[in-house]
Amino acid sequence: MTAPKLDFFSKIAFVAGGLSYAIFLLGHLGLLSWPYVLPAVVSAVLLIVYFSLKSYASNEPAVKRTLPEKALVLLISLTVISILGLAILPPSSRDELIQHLAVPKLYVMSQGIFEIKFMTFAYLPQNIDLLYAASLALGSDIVPKIMHLGFAVLTGLALHQYVSQYAGRTFGLLSMLMFLSTPLVFNLSRLAYTDLGAAFFSTLAVMAALKWRLDFSGKRLLYSAVLTGLAMGVKYNTLVSLFLLCVFVLFSRLRADKKALPALGAGLLYFIVAFLVVSPWLIRNILWDKGPMFPLFDNAIKAASSGAGIHVTGEMAPVAKRLILYGEGLLDIALLPVRVFFEGSDNSIERFDGVLNPFFLFFIPLAFIKRGYFKDKVYIGLYFLLFVVFTSFTIDIVARYLLPAIPFVIALVAIGLKNALEKKWLREASIAALVGLFAFNVFYAAGIYKRLSPFSYLTGGSDRAGYLKRVLPDYDAVSYANTALPRDARVMLLFTGERGYYWEREYFYGDRVGNYFKWLVKESYRDDVLLADKFKGIGISHVFVNLKILDEFAANNFAEGELDVLKRFFAGQSVMLYNSRGYSLYALK
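What you are looking at is a predicted structure, and each value in this text was computed from that prediction instead of being measured.

Chemist: Just to check I follow, could you spell out a nonpolar patch on the surface for this structure?
Modeler: Together, Phe-243, Val-247, Phe-251, Phe-368, Val-378, Leu-382, Leu-385, Leu-386 and Phe-390 line one region of the surface with nonpolar side chains, adding up to about 770 Å² of accessible area. Of all the secondary structure elements, the ones that give two or more residues to the nonpolar patch are α12 (239-257) and α19 (377-394). Examining the composition of the nonpolar patch, we find that 5 residues originate from one element, α19, more than from any other. Residue class for Leu-385 comes out partly exposed when judged on its relative accessible area of 42%.

Chemist: What am I meant to see in the sheet that holds strand β1 (residues 490-494) here?
Modeler: Hydrogen bonds between backbone groups are what pair the strands of a sheet, and the pairing can be parallel or antiparallel. Taken together, the 5 strands give an open sheet; going across it, the order is β2-β1-β3-β5-β4, and neighbouring strands pair in mixed fashion. Strands at the two margins of the open sheet, each flanked by one partner only, are β2 (506-508) and β4 (574-580). Strand-to-strand twist of the sheet, defined as the mean angle between neighbouring strand axes without regard to direction, takes the value 25°. Relative to strand β5 (residues 583-588), strand β3 (residues 542-546) is paired through 5 bridges, and the arrangement is antiparallel.

Chemist: Which parts of the structure should I look at to understand unusual backbone geometry?
Modeler: Trans is the prevailing form of peptide bonds, just as negative phi is the prevailing case for residues other than glycine. Of note, the bond from Phe-294 into Pro-295 is cis; its omega dihedral lies within 30 degrees of zero at 0°. If you trace the backbone, Pro-295 turns up in the loop between α13 (260-287) and α14 (296-305). One non-glycine residue, Phe-216, lies in the positive phi region at around 55°. Tracing the sequence through the fold places Phe-216 in the loop between α10 (195-215) and α11 (218-232). For Phe-216, a relative accessible area of 25% translates into the label partly exposed. Located in the positive-phi region is Phe-495, a residue other than glycine, with phi close to 55°. Relative to the elements of secondary structure, Phe-495 occurs in the loop between β1 and β2. Overall, Phe-495 belongs to the buried group, its relative accessible area being 17%.

Chemist: Explain the pairing of β3 here, please?
Modeler: Each regular strand shows side chains that alternate between the opposite faces of the sheet. Within β3, 5 of the 5 residues are buried, which leaves it mostly tucked inside the rest of the structure. Both faces of β3 are covered, namely the face carrying His-542, Phe-544 and Asn-546 and the face carrying Val-543 and Val-545. Taken together, the 4 bridges between β1 and β3 define a ladder with parallel strand orientation. From the neighbouring strand, Leu-494 faces β3, where its bridge partner is Val-545.

Chemist: Help me out: how do you make sense of the pairing of β4 in this one?
Modeler: Relative to β5, β4 runs antiparallel, the two sharing 6 bridges. When the sheet's bridge partners are listed, Ser-580 is paired in β5 with Tyr-583.

Chemist: Sorry, what's going on with the pattern of salt bridges here?
Modeler: Between side chains of opposite charge, a pair can form as their charged atoms come close. What the rule picks out here adds up to 22 salt bridges. Note that Asp-141 and Arg-464 form a salt bridge whose closest N and O atoms lie 2.5 Å from each other. Of this pair, Asp-141 sits in the loop between α6 (127-137) and α7 (143-167) while Arg-464 sits in helix α23 (residues 464-471), and the two are 323 residues apart along the sequence. A residue is classified by how much of its surface remains accessible, and Asp-141, at 9% relative accessible area, is buried. For Arg-464, a relative accessible area of 30% corresponds to the partly exposed category. Here Arg-490 ties to Glu-506 by a salt bridge, and the two come within 3.0 Å at their closest N and O atoms.

Chemist: I keep staring at the packing of aromatic side chains and nothing clicks. Help me out?
Modeler: Counting across every chain of the model gives 43 aromatic pairs. When the centroid spacing of 5.3 Å and the interplanar angle of 85° are considered together, the rings of Phe-248 and Tyr-379 count as edge-to-face. Here Phe-248 is found in helix α12, whereas its partner Tyr-379 is found in helix α19, with 131 residues between them in sequence. A relative accessible area of 26% places Tyr-379 in the partly exposed class. Ring centres of Phe-341 and Phe-360 lie 6.2 Å apart, and the angle between their planes is 75°; on these two criteria the pair is classed as edge-to-face. With a gap of 19 residues between them, Phe-341 in helix α17 (residues 336-342) and Phe-360 in helix α18 (residues 360-363) connect regions that are remote in the sequence. The residue whose ring lies beneath Lys-105 is Tyr-501, and the NZ or CZ to ring-centre distance is 4.9 Å.

Chemist: I keep staring at helix α2 (residues 34-58) and nothing clicks. Help me out?
Modeler: Given 3.6 residues to a turn, an α-helix orients residues that are three or four positions apart in the same direction. A rise of 1.5 Å per residue sets the reference length of α2, with its 25 residues, at 36 Å; its end C-alpha atoms lie 35 Å apart and thus fit the reference within 8%. Those residues of α2 lying buried are Val-37, Ala-40, Val-41, Ala-44, Phe-51 and Ser-55. Lining the buried residues of α2 we find α1 (6-28) and α6.

Chemist: Can you walk me through the environment of Glu-498 in this structure?
Modeler: Tracing the chain through its elements places Glu-498 in the loop between β1 and β2. Residue Glu-498 is classed as buried on the basis of its relative accessible area of 8%. In this structure the C-alpha to C-alpha distance between Glu-498 and Gly-510, which are 12 residues apart in sequence, comes to 9.9 Å. Ignoring sequence-local partners within four residues, the contact set of Glu-498 consists of Arg-94, Leu-97, Ile-98, Leu-493, Tyr-509, Asp-511 and Arg-512.

Chemist: Just checking my understanding: could you explain the side chain of Arg-190 for this structure?
Modeler: Position of Arg-190 among the secondary structure elements: in the loop between α9 (183-188) and α10. An unpaired buried charge is present at Arg-190: no salt bridge exists, and Glu-96, the closest side chain of opposite charge, is 6.5 Å distant. A polar atom in the side chain of Arg-190 sits 2.8 Å from the side chain of Asn-187. Not counting residues within four places of it along the chain, the set of residues in contact with Arg-190 comprises Ile-83, Leu-86, Ala-87, Lys-145, Ile-448, Arg-451 and Leu-452.

Chemist: Explain the packing of α7 against helix α8 (residues 169-181) to me, please; I cannot follow it from the model alone.
Modeler: For any two helices packed against each other, the geometry is given by the interaxial angle and the distance between the axes. In contact at an axis separation of 7 Å, α7 and α8 are set at 150° when each is read in the N-to-C sense. The angle between the axes of α7 and α8 places the two elements in the roughly antiparallel class. Relative to α8, the crossing made by α7 is right-handed. Residues Ala-152, Val-153, Thr-155, Gly-156, Leu-157, Leu-159, His-160, Val-163, Ser-164 and Ala-167 of α7 pack against Arg-169, Phe-171, Gly-172, Leu-173, Ser-175, Met-176, Phe-179 and Leu-180 of α8. Tallied by class, the residues present in the contact of α7 with α8 amount to 11 nonpolar, 6 polar and 1 charged.

Chemist: Looking at this structure, I do not really get the nonpolar core. What am I missing?
Modeler: Note on soluble globular proteins: their nonpolar side chains tend to be buried together. One finds Met-119, Phe-201, Phe-517 and Phe-535 to be the most contacted residues of the largest nonpolar core, which totals 197 residues. Each residue touching Phe-535, except ones within four places of it in the same chain, is listed here: Met-492, Phe-517, Leu-520, Ile-540, Val-543, Phe-569 and Leu-588.

About the thresholds
Residues numbered from 1 in each chain as written. Predicted model: local features only at pLDDT ≥ 70, side-chain atom pairs only at ≥ 80, totals over all residues. Heavy atoms only, no water. Patch = residues over 30% accessible without salt bridge, like charges linked within 9 Å, V, L, I, M, F, W, Y side chains within 5 Å. Areas by Shrake-Rupley, 256 points an atom, 1.4 Å probe, with all protein chains shown as cover. Salt bridge = Lys/Arg side-chain N within 4 Å of Asp/Glu carboxyl O. Helix = DSSP H or I, 4+ residues; strand = E, 2+ residues; numbered from the N terminus. Buried < 20%, exposed > 50% of the residue type's maximum accessible area, 1.4 Å probe, protein only. Pairing = 2+ DSSP bridges. Axes fitted to C-alpha atoms, helices over the stretch in contact; angles between N-to-C directions. Phe/Tyr/Trp six-rings, centres within 6.5 Å; stacked < 30°, edge-to-face > 60°. Lys NZ or Arg CZ within 6 Å of the ring centre and 35° of its normal. Expected span 1.5 Å × (residues − 1). Contact = heavy atoms within 4.5 Å. Lys, Arg positive; Asp, Glu negative; His and termini not counted. Polar contact = N/O pair within 3.5 Å; in protein donor to acceptor, adjacent residues only side chain to side chain. Parallel < 35°, antiparallel > 145°, perpendicular 65-115°, else oblique. Left-handed = near helix turned anticlockwise from the far one by under 90°. Nonpolar A, V, L, I, M, F, W, Y, C, P; charged D, E, K, R; others polar. Core = buried A, V, L, I, M, F, W, Y, C linked by side-chain atoms within 4.5 Å.

Here's what the structure looks like:
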């Protein structure tokens, strides 16, 4: 059997997007509970099965796989299994616990979508998060992690199909293996994040646009625009994809017809369709008295009005941050598209908070040494470069924000490898680089397993609670709060990382940097009773705090009198109920 065609993957994407909007509707009707969610999920699954069987039946007769192809299929399977072993661990990553599972859980607990005013990221589009909400409504927080892995596998399969048509099945399979084993993808695939969902939709959108260029089919154009709209409904970084694809459509049509009006019409149609797809999220924000793309455009407007350029990262522009805070030079900035491949490191924004693969840089130029058969190479090469450039000037460069362009980088790598193997003078070096590429990926995967130490949990040596207590320093105290506090308690989280997912009591926090808490203290006029009243005035009955971080914050932000009011507040206006591993739970008197 040959690889499924692009239309098959597009239909799977449409089903996923349709299910998300069905959950969106149920949520706003107050029907986000299993009796209503289950029929929607079952309908989506049946459609996927139908499209899969139809694709299988319409494919060409199976062709016997060669030994290298069988070996690659085995390696791909082992890679997926190794990721799955990590994906079935209980959720414990920060963004899962503060956003991608935490927000859907709040919706499910309320049986409906509602405005969460203290979470700015709850105003972002949630096409993938609502799929996770459906899973939570049906009782599983592991399925969302497997869903994210599923988006990686689907993207890999689409990449396999795309490369195979130019370079053959072996290199198609090789590209899929490269994609799934790339450290960034391997790491994200185990988590209930949304980046791989955005990459799936946007990858298909680019592929559909490239096919549209061959015959200017209206169907292809609409497919691509809808897919871009679905991607924008996952993460706003795909606005870069929208811009680049609109320009691509406009200039492709202009180059073919030599007429400006049809070209402008095609570009405008693409733009309108994409925004119509994402519009439910924009309308929701307007109805909540926010800007349609809050908080994205609000941050951009503030930055522009302050003279810092158009970006969404706060007061300091991303490039300025690299120049001033990280001490980089203009040459460092110019080399960002190269540096991201070999300087990446997890948990460091300065080093792109993610790991790609330095060996990609060996193969990418080789994709351009042979003319003819791979005509998309210039387009996808420019797509990656421009994606990095636009991202650099609008948001902090984080490797996962570049994921919509990474599949096409790997397509270039696969084509470069094919070209190199056909050149006798490059063959040995390319084989050595290929071995280095996969050795790098395997070494990273082994490091993930060493860091997470999952085998005790996977083999039954520890239960879910035991695993979470080992990896989350606040889990023990949160578990106590969930059993000891009254159902109507409202807990203020102070410097605890905002990990709200495991809370079973209502929680609240002001902002990530402590400005709201600072305002409360300073407005209390050095009166601990007034500070307690201010907490109670916003409905707070308990405070959950990391005292070490609070002490550091207070020393850097409060005057002596304000420090004194804090001490009196915790000593006289509240009582400690529990303390574990630096996390303390207080009840207001």
